[in-house]
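Each chain, written out:
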Amino acid sequence: MIYEELNSLSNRELIDLEDTLLLEREMDPQMRIRHTGGRFVLLMLTGIIWLVLTMTMASKLTQMTIKSNLHGIISVVGFSVSFGLSVYLSHLIWRKSGVKTRVFIRNAVHYWPVTFCFIAGVLIFLKG
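Rules of the game
- Residues numbered from 1 in each chain as written.
- Predicted model: local features only at pLDDT ≥ 70, side-chain atom pairs only at ≥ 80, totals over all residues.
- Heavy atoms only, no water.
- Helix = DSSP H or I, 4+ residues; strand = E, 2+ residues; numbered from the N terminus.
- Rg over C-alpha atoms; globule rule 2.2 N^0.38 Å.
- Buried < 20%, exposed > 50% of the residue type's maximum accessible area, 1.4 Å probe, protein only.
- Areas by Shrake-Rupley, 256 points an atom, 1.4 Å probe, with all protein chains shown as cover.
- Phe/Tyr/Trp six-rings, centres within 6.5 Å; stacked < 30°, edge-to-face > 60°.
- Salt bridge = Lys/Arg side-chain N within 4 Å of Asp/Glu carboxyl O.
- Expected span 1.5 Å × (residues − 1).
- Arc of directions from axis to C-beta.
- Contact = heavy atoms within 4.5 Å.

Student: What is the right way to look at the overall build of the chain in this model?
Tutor: For the chain, the helix and strand inventory stands at six helices and zero strands. Each helix and strand of the chain, ordered N terminal to C terminal, gives the series α-α-α-α-α-α. The C-alpha radius of gyration of the chain comes to 21 Å, more than 25% above the 14 Å expected for a compact globule of 128 residues. C-alpha extents for the chain along the principal axes are approximately 70 × 50 × 25 Å. Across the 128 residues that make up the chain, the buried fraction comes to 19%. Here the chain displays about 10000 Å² of accessible surface, and carbon together with sulfur accounts for 71% of that area.

Student: Sorry if this is basic, but what is going on with the packing of aromatic side chains here?
Tutor: For any pair of aromatic rings, the description consists of the separation of the ring centres together with the inter-plane angle of the planes. According to the stated counting rule, one finds two aromatic pairs in the structure shown. Note on Trp50 and Phe79: the rings are 5.7 Å apart at their centroids and 85° apart in plane angle, and the pair reads as edge-to-face. Taken together, the residues Trp50 in helix 3 (residues 37-63) and Phe79 in helix 4 (residues 71-96) connect sequence positions 29 residues apart. Here a set of aromatic residues connected by ring pairs shows up, and it is made of Trp50, Phe79 and Phe83.

Student: Looking at this structure, how should I read the pattern of salt bridges?
Tutor: Oppositely charged side chains may form a pair once their charged atoms are brought near each other. According to the stated counting rule, one finds four salt bridges in the structure shown. Salt-bridge contacts for Arg102 lead to Asp19; the nearest nitrogen and oxygen are separated by 2.5 Å. Placement of the pair is Arg102 in helix 5 (residues 99-110) and Asp19 in helix 2 (residues 11-27), with a sequence separation of 83 residues. Each member of the pair, Arg102 together with Asp19, is buried. Notably, a salt bridge pairs Arg106 with Asp19, separated by 2.8 Å at the nearest N-O pair. Of the two residues, Arg106 is situated in helix 5 and Asp19 in helix 2; the sequence distance between them amounts to 87 residues. Here the two residues Arg106 and Asp19 agree in accessibility, since each one is buried.

Student: Looking at this structure, I do not really get helix 2. What am I missing?
Tutor: For an α-helix the count is 3.6 residues per turn, leaving residues at separations of three or four pointing the same way. Its 17 residues place the ends of helix 2 24 Å apart at the C-alpha level, agreeing with the 24 Å of an ideal helix rising 1.5 Å per residue. Asp19, Leu23, Glu26 and Met27 are the residues of helix 2 that are buried. The arc enclosing the buried residues of helix 2, seen along the axis, measures out at 80°, which places them on a common side. Set apart from the buried face of helix 2 by more than 90 degrees, the exposed residues are Leu21 and Glu24. Check the buried side of helix 2 and you find it contacts helix 3, helix 4 and helix 5.

Student: When you look at the environment of Met1 in this model, what are you seeing that I'm missing?
Tutor: Relative to the assigned elements, Met1 resides in the segment before helix 1 (3-8). Taking the C-alpha atoms as reference, Met1 lies 51 Å from Ala58; in sequence the two are 57 residues apart. Those residues in contact with Met1, other than ones at most four positions away along the chain, are Leu6, Leu9 and Leu17.

Any functional reading would require information beyond the geometric quantities listed.
If you want it as structure tokens, here you go:
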């Protein structure tokens, strides 16, 4: 796009364009020098989903009666499956969340000191 075309776009269209470009960069598996807030959110979301899936699979594995020499193989396969599934689910959740949600979360992560102080202030207000 050229400068005149960008100037003719509305604010909503510019936000949509920026979100599309950031989402494309966040979903790209290549590591870049600059990390965006969305990549941090994807990392945290993947970790949380992986932890939940691993705990669920571990509890199901302890309930099953399997020969003890197969536990290692099943654990490795379960780890791989749960990690792949958590990456897929975190990307799906991030892609399906709306533009406004992604912009809000990216800004909250980018300005984390302000977000942290705001959350601490709210917690102190509610506690006292």
